[in-house]
Amino acid sequence: MPKNAIILFDLDGTLIDSTPAIYFSFSQAYKERALQPPSLESVKQSIGHTLEDMFLAQGVSKDEVSEFIKSYRLSYRAQMEAGTTLLPNAKEAIMLAYEFAHLGIVTTKRGDFSAKLLESFGVLHYFSVVVGIENVSNPKPHSEPIICALDSIREAKKCDIAMSSCFMIGDTILDLQAANNAGITGVGVLCGYGNSKDLRQETQNIYQDTLEATKHIQAILSI
């Protein structure tokens, strides 16, 4: 079956739940410095942003943030597989989307970490590209990660799919802003860290989970 669309997925809160690994590693960066970690709820509010922005939001100084990130990543590398699960219906969404679209990941997580997690869940082979924080100069909500992923897929698959047939599924306003900035259709999901009120600032396409969102896209393309 020829594929006539590109679907890009965010990762955390869209396809996976890595809250335990993220919070453990976030807390570890504080404990190594004999500091009290922030609450789980305050950390969850900023998941989806870059690590730098997450730590800065908790009051870490600009001068110290790189060291906090280094501690976080060392811990996360060891914890990520044990502390991460696929969200309900995520694998079904991936498999359905793969039937009619080329797929990519666009995340503010490191791309190598992301690929390792996807491989551990047996779904990495469905994706043509994984664009992580290390692959771009300007992370979401900038358009760069989206454009990078689209260009990589078009080149790899030798296809010329129109922007009107390109979609970004994500759980935070950053995902939808990046989609809008890149000129593609953003589709919000409520299975992650965002909320309906914020998502509706950027799109009216909001669904409970990624499988519902994928079915919506399939229906649009079938019209």
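These figures come from a predicted structure and were not determined experimentally.

Visitor: Sorry, what's going on with helix α5 (residues 90–100) here?
Guide: One turn of the α-helix equals 3.6 residues, which is why residues spaced by three or four share an orientation. Inspection of α5 places Ala90, Ala93, Ile94, Leu96, Ala97 and Phe100 among the buried residues, and these make up the whole buried set. In this structure, the buried side of α5 is in contact with β1 (6–9), β3 (85–86), β4 (102–106), β5 (127–131) and α10 (210–222).

Visitor: Honestly, the pattern of salt bridges in this entry has me stumped. Any pointers?
Guide: For side chains of opposite charge, pairing can occur when their charged atoms come near one another. The final tally for this structure, using the stated rule, is nine salt bridges. Asp12 is the partner of Lys109 in a salt bridge, and the nearest nitrogen-oxygen pair spans 3.0 Å. A residue pair is termed long-range when its members are at least 10 positions apart, and Lys109 in the loop between β4 and α6 (111–120) and Asp12 in the loop between β1 and β2 (16–17) qualify at 97 residues. Per residue, the accessibility class of Lys109 equals that of Asp12, and both read buried. Glu52 is paired through a salt bridge with Lys62; the nearest N and O atoms lie 2.8 Å apart. Of the two residues, Glu52 sits in helix α3 (residues 51–57) while Lys62 sits in the loop between α3 and α4 (65–79), which places them 10 residues apart along the sequence. The exposure class assigned to Glu52 is partly exposed, which follows from its relative accessible area of 30%. On the basis of relative accessible area, Lys62 is assigned to the exposed category, the value being 56%. Among the charged side chains, a network of salt bridges with common partners joins Asp10, Lys140 and Asp175.

Visitor: How should the nonpolar core be read in this particular structure?
Guide: One broad rule of soluble globular proteins: the nonpolar side chains tend to lie buried together. Grouped together as the largest cluster of nonpolar side chains are 47 residues, with contacts concentrated most on Ile7, Phe9, Leu15, Phe55, Leu103 and Phe127. Contacts of Ile7, omitting those with residues within four sequence positions, involve Ala97, Phe100, Ala101, His102, Leu103, Gly104, Phe167, Ile169 and Ile217.

Visitor: Help me out: how do you make sense of the side chain of Lys140 in this one?
Guide: Along the chain, Lys140 turns up in the loop between β5 and α7 (144–157). What makes Lys140 buried here is its relative accessible area of 6%. A polar contact is formed between the side chain of Lys140 and the side chain of Asp10, at a distance of 2.9 Å. Engagement of the side chain of Lys140 in a polar contact is seen with the backbone oxygen of Val106, the distance being 3.0 Å. Setting aside residues up to four positions removed in sequence, Lys140 forms contacts with Asp10, Val106, Thr107, Thr108, Pro145, Met168, Leu174, Asp175 and Ala178.

Visitor: Help me understand the packing of α5 against α10, please; the structure alone is not making it clear to me.
Guide: Direction vectors running N to C along α5 and α10 enclose 20 degrees, while the axes themselves pass 8 Å from each other. With respect to α10, the axis of α5 lies roughly parallel. The way α5 lies across α10 gives a crossing that is left-handed. Here Glu92, Ala93, Leu96, Ala97 and Phe100 of α5 come into contact with α10, specifically with Thr210, Leu211, Thr214, Lys215, Ile217, Gln218 and Leu221. A class-by-class count of the residues in the contact of α5 with α10 yields seven nonpolar, three polar and two charged.

Visitor: Looking at this structure, I do not really get the environment of Thr85. What am I missing?
Guide: Looking at the element boundaries, Thr85 is found in strand β3. The exposure class of Thr85 is partly exposed, given its relative accessible area of 45%. Separated by 66 residues in sequence, Thr85 and Thr19 place their C-alpha atoms 9.2 Å apart. Ignoring anything within four residues of it in the chain, the contact list for Thr85 reads Leu15, Ile16, Asp17 and Phe121.

Visitor: It is not clear to me how the side chain of Lys109 should be interpreted in this structure. Could you clarify?
Guide: Owing to a relative accessible area of 8%, Lys109 belongs among the buried residues under this scheme. Here Lys109 is in contact with Leu11, Asp12, Ile16, Ser18, Ile22, Tyr76, Ser114, Leu117, Gly132, Ile133 and Glu134, once residues within four sequence places are set aside.

Visitor: I tried to follow the sheet that holds β4 on my own but got confused; where do I start?
Guide: Strand pairing in a sheet takes place through backbone hydrogen bonds and is either antiparallel or parallel in direction. Read from one edge to the other, the open sheet built from six strands follows the order β5-β4-β1-β6-β7-β8, with strand pairing classed as parallel. The open sheet has two free edges, formed respectively by β5 and β8 (206–207), since each of these has just one partner strand. The sheet contact formed by strand β7 (residues 185–189) and β8 spans two bridges and is parallel. Considered in β8, the bridge of Val189 is made with Tyr207.

Parameters at a glance
- Residue numbers run consecutively from 1 along every chain, following the written order of its sequence.
- Note on the predicted model: pLDDT of at least 70 is required for a residue's local features to be given, and 80 or more for side-chain atom pairs to be given and counted; whole-chain, interface and lining totals, by contrast, use all residues.
- Excluded from the side-chain calculations are hydrogens and water; all other atoms, namely the structure's heavy atoms, are used.
- The rule is simple: take the accessible area with a 1.4 Å probe, protein chains only, and divide by the maximum for that residue type; under 20% is buried, over 50% is exposed, in between is partly exposed.
- Counting from the N terminus, the helices are DSSP H or I runs at least four residues long and the strands are E runs at least two residues long.
- The contact rule is simple, with two residues in contact once any of their heavy atoms fall within 4.5 Å.
- Any Lys or Arg side-chain nitrogen located within 4 Å of an Asp or Glu carboxyl oxygen qualifies as a salt bridge.
- The definition of a nonpolar core used throughout is a set of buried Ala, Val, Leu, Ile, Met, Phe, Trp, Tyr and Cys residues joined through side-chain atoms within 4.5 Å.
- The definition of a polar contact used here is a pair of N or O atoms within 3.5 Å, where within protein one atom must be able to donate a hydrogen and the other to accept one, and adjacent residues in sequence count solely through side-chain atom pairs.
- What counts as an axis is a line fitted to C-alpha atoms, over the stretch in contact for a helix, and the angles between N-to-C directions run from 0 to 180 degrees.
- Just so you know how the angles are binned, under 35 degrees is roughly parallel, over 145 roughly antiparallel, 65 to 115 roughly perpendicular, and the rest oblique.
- Take the far helix as your reference; a near helix turned counterclockwise from it by less than a right angle gives a left-handed crossing, and one turned clockwise gives a right-handed crossing.
- When residue character is reported, Ala, Val, Leu, Ile, Met, Phe, Trp, Tyr, Cys and Pro are called nonpolar, Asp, Glu, Lys and Arg charged, and the others, Gly included, polar.
- Strands qualify as paired when DSSP identifies two bridges or more between them.

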